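# Close look at the chain arrangement
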Amino acid sequence: MIIAEIAQAHDGSLGTAHAYIDALAETGVDAVKFQTHIAEAESSIYEPFRVKFSKQDATRFDYWKRMEFTLDQWKGLKAHCEERGLEFISSPFSNLAVDWLEEVGVNRYKIGSGEVSNWLMLEKIAKTAKPIILSSGMSSWEELDASFQFLGKYGSPLSILQCTTAYPTQPHQWGLNVIQELKNRYQVPVGFSDHSGDIFASLAAAALGAEIFEFHVVFDKRQFGPDSPASITIDQTKGMVKGIKQIQASISHPIDKNNLEPYVSLKQIFEKSLAVNKFLPKGTVLKADYLESKKPKGYGVPAKDFTQVIGKKLKNDLNAWDFLNWSDLE
């Protein structure tokens, strides 16, 4: 599953949010993801800014307030996604947001890294019995184990994303080694949540067997917002989706190096036979300096057997560039 996260890139504009859906529908992603923020339910005036990016929001609470959509607007965004063949996903950050998303009719839940230990909300989500994608960005193994076991009691299908909560994530922070560790530890589908701001981390994760991909998108990385430096553009998204799908196709079709059947005709063309590189009279004792290898295969001694003809005498004259066969040797 390939999920493009719009998050707050719409900057509180409903029209911009719908424009993202239309743009992403042309990239090949499977789903678009928003974040459902209801300021009064999740935040307070005491919440600090993660990054002080905004000159128009006095507090982080004010920012979340400006990012809100109404319940009917969320329903409209979901309907638009479905019209464009995309799954609508949104991460809740409060119990009230879960209630809203249930009314909207989401198919699955994505849990943000900061909510992994929010068991109050996790229980509410788990009781819906819908699939849950758990992001691991700020969790230790102990915390992940605890939340995984907590959710496991309810029987919801689970998957986990390797994630590093840094914006943008530098290469030494990607944590690609954790993908296999998660697979081994939990035996569930594992993916990669990317905040690197480029396409390379997700492509590398695909090569390492990630099955779910999530990344932030913007129309332009210079646009206003806290996540722009950690996002890729719509244009980059199309290329990355193509790359992920090609890598996955490769992984699902392993090559048997002992099966040479596809190369029988090509080997005939490209492999070579031995020839001589000058006129050699009968009785000449062959040296490596007298030999050349020429296409195609099968017209002389195989080139790989050249050592077996060194020191042999010719039974007859050979002209320059004639193929050398076993029958030419004493």
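This section reports on the structure supplied with the text. (Residues numbered from 1 in each chain as written. Predicted model: local features only at pLDDT ≥ 70, side-chain atom pairs only at ≥ 80, totals over all residues. Heavy atoms only, no water.)

### Things to note about helix α1 (residues 14–24)
Burial in α1 covers these residues: A17, Y20, I21, A23 and L24. Contact partners of the buried residues in α1: β1 (2–7), β2 (31–36), α4 (71–83), β8 (212–218) and α10 (234–251). (Buried < 20%, exposed > 50% of the residue type's maximum accessible area, 1.4 Å probe, protein only. Helix = DSSP H or I, 4+ residues; strand = E, 2+ residues; numbered from the N terminus. Contact = heavy atoms within 4.5 Å.)

### With respect to the nonpolar core
F34, F88 and V217 are the most contacted members of the largest nonpolar core, which totals 61 residues. The element contributing the most residues to this core is α1, with five residues. With near-sequence residues (within four places) excluded, V217 lies in contact with A4, E5, I6, A9, Y20, L24, S231, I232, I234 and T237. (Core = buried A, V, L, I, M, F, W, Y, C linked by side-chain atoms within 4.5 Å.)

### Quick look at the packing of α1 against α4
Two quantities define a packed helix pair, namely the angle between the axes and the distance from one axis to the other. Direction vectors running N to C along α1 and α4 enclose 15 degrees, while the axes themselves pass 10 Å from each other. The orientation of α1 with respect to α4, classified from their angle, is roughly parallel. By crossing handedness, the relation of α1 to α4 is classed as right-handed. Within the contact between the two elements, α1 uses L14, A17, H18, I21 and D22 and α4 uses Q73, G76, L77, H80 and C81. (Axes fitted to C-alpha atoms, helices over the stretch in contact; angles between N-to-C directions. Parallel < 35°, antiparallel > 145°, perpendicular 65-115°, else oblique. Left-handed = near helix turned anticlockwise from the far one by under 90°.)

### Quick notes on the pairing of strand β10 (residues 273–276)
Because side chains alternate across β10, one face comprises the buried residues S273 and A275, and the other comprises L274 and V276, equally buried. Bridge count for β10 against strand β11 (residues 291–294) is four bridges, and the pairing is antiparallel. Across the sheet, V276 pairs through a bridge with L291, a residue of β11. (Pairing = 2+ DSSP bridges.)

### Things to note about the environment of E42
By the element assignment, E42 lies in helix α2 (residues 39–42). What makes E42 partly exposed here is its relative accessible area of 24%.

### Examining unusual backbone geometry
Of note, the bond from Y167 into P168 is cis; its omega dihedral lies within 30 degrees of zero at -5 degrees. Note that P168 resides in the loop between β6 (158–163) and α8 (177–186). In this structure, A129 is a non-glycine residue whose phi angle is positive, near 65 degrees. The phi angle at W321 is positive, at roughly 75 degrees, despite the residue not being glycine. In this fold, W321 is placed in the segment after β11.

### What to know about a nonpolar patch on the surface
Judged by side-chain polarity, L260, Y263, L266, I269 and F270 come together as a nonpolar surface patch covering roughly 490 Å² of accessible area. As for its placement among the helices and strands, Y263 is situated in the loop between α10 and α11 (264–270). Its relative accessible area of 40% is what places Y263 among the partly exposed residues. (Patch = residues over 30% accessible without salt bridge, like charges linked within 9 Å, V, L, I, M, F, W, Y side chains within 5 Å. Areas by Shrake-Rupley, 256 points an atom, 1.4 Å probe, with all protein chains shown as cover. Salt bridge = Lys/Arg side-chain N within 4 Å of Asp/Glu carboxyl O.)

### Observations concerning the side chain of H10
Turning to its location among the elements, H10 is positioned in the loop between β1 and α1. Of the polar contacts made by the side chain of H10, one reaches the backbone oxygen of A7; its length is 3.0 Å. With residues near it in sequence (within four places) discarded, H10 still touches T16, A17, Y20, F34, M67 and F69. (Polar contact = N/O pair within 3.5 Å; in protein donor to acceptor, adjacent residues only side chain to side chain.)

### Notes on the packing of α4 against helix α5 (residues 95–104)
Interhelical geometry of α4 versus α5 gives an angle of 45 degrees and a closest axis separation of 9 Å. As the angle between them shows, α4 and α5 are arranged oblique. Here α4 and α5 pass one another in a crossing that is right-handed. Between α4 and α5, the contacting residues are L71, W74, K75 and K78 on the first element and W100, E103 and V104 on the second.

### Here's the deal with the pattern of salt bridges
Considering all chains together, one arrives at 19 salt bridges under this definition. A salt bridge links R108 to E87, with the shortest nitrogen-to-oxygen separation between them at 2.8 Å. Here R108, found in the loop between α5 and β4 (109–111), pairs with E87, found in strand β3 (residues 87–92); they are 21 residues apart in sequence, far enough to count as distant. On the accessibility criterion, R108 (21% relative accessible area) is partly exposed. We classify E87 as buried; its relative accessible area is 14%. One connected set of salt bridges, linked through shared partners, spans D11, D57 and R66.

### Here's the deal with α5
Residues A97, V98, L101 and V104 constitute the buried set of α5. Projected down its long axis, α5 carries its buried residues within an arc of 115 degrees, all on one side. Lining the buried residues of α5 we find β2, α4, β3, β4 and α6 (119–126). Positive phi appears at G105, one or two residues downstream of α5, with a value of about 95 degrees. (Arc of directions from axis to C-beta.)

### Re the environment of A166
Take A166: it is sitting in the loop between β6 and α8. As for A166 and G137, which are separated by 29 residues in sequence, their C-alpha atoms are 8.7 Å apart. Look past the residues within four positions of A166 in its chain and what remains in contact with it is Q173 and H195.

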